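# Per-entry structural report
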Amino acid sequence: MIPSQVRTLLSAPGAGADRPCLFALDGFDRRPQLLGRERDALAAMDLRALRRQRAHGGIPRRTAVHWKALTRLVAPLDQARGVLHHDGGVSHRRAGAQAVAIVLDNCRLLERSWWGWTPWDWVGACSTGSTAFRTAQSLPTDTATRPFLIALAYLLGGFTDYQHLGYFNRSYLAELLFGPETMETAMAEVAVVADRWGYRSQNREDGRYRLPGVLAQALLINRSPRLEDLTTEAFARL
């Protein structure tokens, strides 16, 4: 429960104006059905083939025709992956590549592009927990892949039904989407007020502070990293 004073503090007049756009969907072909050439290309490549091109950055000559047929699907996935905030290391690039491959593979299984996925389709792809997710994968999968997949669901599918995904690190997801510095600033601002009001005791059994995860959840569902966008209407939705 967030105190009424916090709601008042974060619901100042003018809050929510000029909300930031994390990823623009304008200009993409968002037809939910797969085109015939896309269906054929996905049928011709297994998950390993889908990962290989994404991981190594080059298009193998023998599958080039299939990747060309998948341009409508691949381009927005790659662009969405490109706006995520991480250090650009090999493990993060690999996790992003694996997440893209999983989305494409599920397009094949569901026989429609993700533009036509329901929230339950995204839940099926992301699974109900980290262990269940990795167990369900037919190939070895990095631990960072699931957060990248959830981030793609957020950007491309507007997915925020986190209650169906089990326990996962909301703070890390918010950092992927909004940036670590942005989240640190928001956390610091709220922590100062919370400490002043005596809410430092809101700890888990292991002694870790709950506030980062709670704040990340609120900002994610409100689709903005800015505290001023947490209006009275936003808290009603939360």
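Relevant structure appears above.
Residues numbered from 1 in each chain as written. Predicted model: local features only at pLDDT ≥ 70, side-chain atom pairs only at ≥ 80, totals over all residues. Heavy atoms only, no water.

### Notes on the overall build of the protein
Convention followed: Helix and strand definitions follow DSSP, with helices as H or I runs of at least four residues and strands as E runs of at least two, each counted in order from the N terminus. Buried, partly exposed and exposed residues are distinguished by accessible area as a fraction of the type maximum, computed with a 1.4 Å probe on protein chains only: under 20%, between the cut-offs, and over 50%, respectively. Only heavy atoms enter the contact rule, under which two residues are in contact if any of them lie within 4.5 Å. Note on areas: these come from Shrake-Rupley sampling with a 1.4 Å probe, and a residue is covered only by the protein chains present in the view.
Counting its secondary structure elements, the protein contains 13 helices and zero strands. For the protein, the α and β elements follow one another from N to C terminus as α-α-α-α-α-α-α-α-α-α-α-α-α. Relative to its 238 residues, the protein shows a buried fraction of 45%. Across the protein, the fraction of contacts at a sequence separation of at least 24, relative to all contacts at a separation of at least 6, is 70%. Accessible area of the protein: about 12600 Å², with a carbon and sulfur share of 52%.

### Let's talk about the packing of helix α9 (residues 145–157) against helix α10 (residues 170–178)
This is how it is decided: Here an axis means a line fitted to C-alpha atoms, over the contact stretch when the element is a helix, while the angle between two N-to-C directions is reported on a 0 to 180 degree scale. Orientation labels follow simple angle bins: below 35 degrees gives roughly parallel, above 145 gives roughly antiparallel, 65 to 115 gives roughly perpendicular, and whatever is left gives oblique. Working rule for handedness: look at the near helix, and if it is turned counterclockwise from the far one by less than a right angle, call the crossing left-handed; if clockwise, right-handed.
Where α9 meets α10, the closest approach of the two axes is 10 Å, and the angle between their N-to-C directions is 55 degrees. Overall, the two elements α9 and α10 adopt an arrangement that is oblique. Where α9 crosses over α10, the handedness of that crossing is right-handed. Residue-level contacts link Pro147, Phe148, Ile150, Ala151, Tyr154 and Leu155 of α9 to Tyr172, Leu173, Leu176, Leu177 and Phe178 of α10.

### Notes on the nonpolar core
For clarity, the cut-off: Only buried residues count toward a nonpolar core. Its members are Ala, Val, Leu, Ile, Met, Phe, Trp, Tyr and Cys residues joined through side-chain atoms within 4.5 Å.
Among the nonpolar cores identified, the biggest contains 68 residues, and Val103, Leu104, Trp114, Tyr162 and Leu177 are the most heavily contacted of them. Of the residues forming this core, the biggest block, nine residues, is contributed by α9. In contact with Leu177, not counting residues within four places along its chain, are Leu22, Leu84, His85, Ala151, Tyr154, Leu155 and Leu220.

### A few points about the pattern of salt bridges
As a reminder, the rule being used: Salt bridge, as used here: a side-chain nitrogen of Lys or Arg that lies within 4 Å of a carboxyl oxygen of Asp or Glu.
Per the stated rule, a full pass over the model turns up nine salt bridges. Here Asp78 ties to Arg81 by a salt bridge, and the two come within 3.1 Å at their closest N and O atoms. Separated by three residues within a single helix, Asp78 and Arg81 lie in helix α5 (residues 71–82), roughly one turn from each other. In this structure Asp78 comes out as partly exposed when scored by relative accessible area, which is 26%. In this structure, Asp142 engages Arg94 in a salt bridge whose closest nitrogen and oxygen atoms are separated by 2.8 Å. Here the residue Asp142 occupies a position in the loop between α8 (130–136) and α9, and Arg94 occupies one in helix α6 (residues 90–110), the gap between them amounting to 48 residues. Residue classification places Asp142 among the buried residues on the basis of a relative accessible area of 19%. It is possible to trace a salt-bridge network through shared partners that takes in Asp29, Arg31, Glu38 and Arg72.

### Let's talk about the environment of Thr141
In this fold, Thr141 is placed in the loop between α8 and α9. Judged by its relative accessible area of 6%, Thr141 falls in the buried class. Between the alpha carbons of Thr141 and Arg94 there is a distance of 9.4 Å; along the sequence they are 47 residues apart. Setting aside residues up to four positions removed in sequence, Thr141 forms contacts with Arg51, Gln98, Phe133 and Arg134.

### A word on the environment of Leu230
On the secondary structure map, Leu230 appears in the loop between α12 (211–222) and α13 (232–237). The exposure class of Leu230 is buried, given its relative accessible area of 1%. Each C-alpha atom, one on Leu230 and one on Leu219, is 7.6 Å from the other, the two residues being 11 residues apart in sequence.

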